[in-house]
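Listed here are the chains, written in short residue letters.
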Amino acid sequence: MTAFCLLALPALAEDARTLAPQPPRGQGEHCVADTDFMRRNHMLMMMDHRREVLHDGVREKKYSLAGCVSCHAVKGADGAPVSFADEKHFCRSCHSYVAVRIDCFECHKSTPDAPQKSAVREQGNDAKKLAAYLREVKP
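Note that the structure is a prediction, hence the values are computed from the model and not measured.

1. Here we look at the overall build of the protein chain
- Scanning the protein chain from N- to C-terminus turns up six helices and zero strands.
- Along its sequence from the N terminus, the protein chain presents helices and strands in the succession α-α-α-α-α-α.
- Split into buried and exposed, the 139 residues of the protein chain put 14% on the buried side.
- A fraction of 49% describes how many contacts in the protein chain between residues 6 or more apart in sequence connect residues 24 or more apart.

2. Re the pattern of salt bridges
- Under the definition given, this model contains five salt bridges.
- Across the pair Arg 39 and Asp 36 runs a salt bridge, and its minimum N-O distance is 3.8 Å. Of the two residues, Arg 39 and Asp 36 both sit in helix H2 (residues 35-56), three residues apart, roughly one turn of that helix.
- Here Glu 106 and Arg 101 are joined by a salt bridge, their closest N and O atoms 2.5 Å apart.
- What makes Glu 106 exposed here is its relative accessible area of 56%.

3. Details of a nonpolar patch on the surface
- A surface patch of nonpolar side chains, amounting to about 410 Å² of accessible area, comprises Leu 19, Tyr 97, Val 98 and Val 100.
- Looking at the secondary structure, you find Tyr 97 in the loop between helix H4 (90-95) and helix H5 (119-123).
- Taking the relative accessible area as the measure of exposure, Tyr 97 reaches 48% and is therefore partly exposed.

4. As for the side chain of Arg 92
- Mapped onto the elements, Arg 92 comes out in helix H4.
- It turns out Arg 92 is buried and unbridged, and the closest side chain with the opposite charge, Glu 87, is 4.4 Å from it.
- Arg 92 has contacts with Phe 84, Ala 85, Asp 86, Glu 87 and Tyr 97, leaving out every residue within four places of it along the chain.

5. Re the packing of aromatic side chains
- Per the counting criterion, the structure on display carries one aromatic pair.
- Considering the side-chain rings of Phe 84 and Phe 105, the 5.2 Å spacing of their centres and the 40° angle between planes classify their relative orientation as tilted. On the criterion of sequence distance, the pair formed by Phe 84 in the loop between helix H3 (65-71) and H4 and Phe 105 in the loop between H4 and H5 is long-range, its members being 21 residues apart. Note on accessibility: Phe 84 and Phe 105 belong to one class, buried.
- Its end group placed over the ring of Phe 84, Arg 92 keeps NZ or CZ at 5.5 Å from the ring centre.

6. Section: unusual backbone geometry
- The residue Ala 99 is not glycine, and still its phi comes out positive at about 55°.
- Of note, Ala 99 is situated in the loop between H4 and H5.
- Ala 99 sits in the exposed class, given a relative accessible area of 70%.

7. With respect to the environment of Asp 56
- Relative to the helices and strands, Asp 56 resides in helix H2.
- Within the structure, the side chain of Asp 56 is placed 3.2 Å from the side chain of Arg 51, a separation counted as a polar contact.

8. Looking at the nonpolar core
- By size, the foremost hydrophobic cluster in this structure holds five residues: Leu 65, Val 69, Phe 84, Ile 102 and Phe 105.
- If we skip the residues at most four places from it in the chain, Phe 84 touches His 89, Cys 91, Arg 92, Ile 102, Phe 105 and Ser 110.

Analysis parameters
- Residues numbered from 1 in each chain as written.
- Predicted model: local features only at pLDDT ≥ 70, side-chain atom pairs only at ≥ 80, totals over all residues.
- Heavy atoms only, no water.
- Helix = DSSP H or I, 4+ residues; strand = E, 2+ residues; numbered from the N terminus.
- Buried < 20%, exposed > 50% of the residue type's maximum accessible area, 1.4 Å probe, protein only.
- Contact = heavy atoms within 4.5 Å.
- Salt bridge = Lys/Arg side-chain N within 4 Å of Asp/Glu carboxyl O.
- Patch = residues over 30% accessible without salt bridge, like charges linked within 9 Å, V, L, I, M, F, W, Y side chains within 5 Å.
- Areas by Shrake-Rupley, 256 points an atom, 1.4 Å probe, with all protein chains shown as cover.
- Lys, Arg positive; Asp, Glu negative; His and termini not counted.
- Phe/Tyr/Trp six-rings, centres within 6.5 Å; stacked < 30°, edge-to-face > 60°.
- Lys NZ or Arg CZ within 6 Å of the ring centre and 35° of its normal.
- Polar contact = N/O pair within 3.5 Å; in protein donor to acceptor, adjacent residues only side chain to side chain.
- Core = buried A, V, L, I, M, F, W, Y, C linked by side-chain atoms within 4.5 Å.

Given below as structure tokens:
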């Protein structure tokens, strides 16, 4: 019996590793820091960034929550990004697993902003079409 238990330990250890959450990869080329570093330190980075923004007025897009949400957005069955209320949300995959409640999304959006439409992209580069567009939107 002891021999059986000892033989089963490697299999149990491997199963334990697979029980950990496996959040989806981000959509960008690379994260602002190494994956292992972010897993261990993202909260400290977010707290530090919050202090810099609120108390010092320093805003850097590199470490913005909106950037994280945009890059790590998970799409639902309808093709739209899921909100924090959905269990598939990138942040929920780990925070639910470790039973940590986060309050970021009580104030911040948990889904990325829709891409902004540009008059030039919409109308083309034709100067006459652009002028007509500007006359329409100018009061």
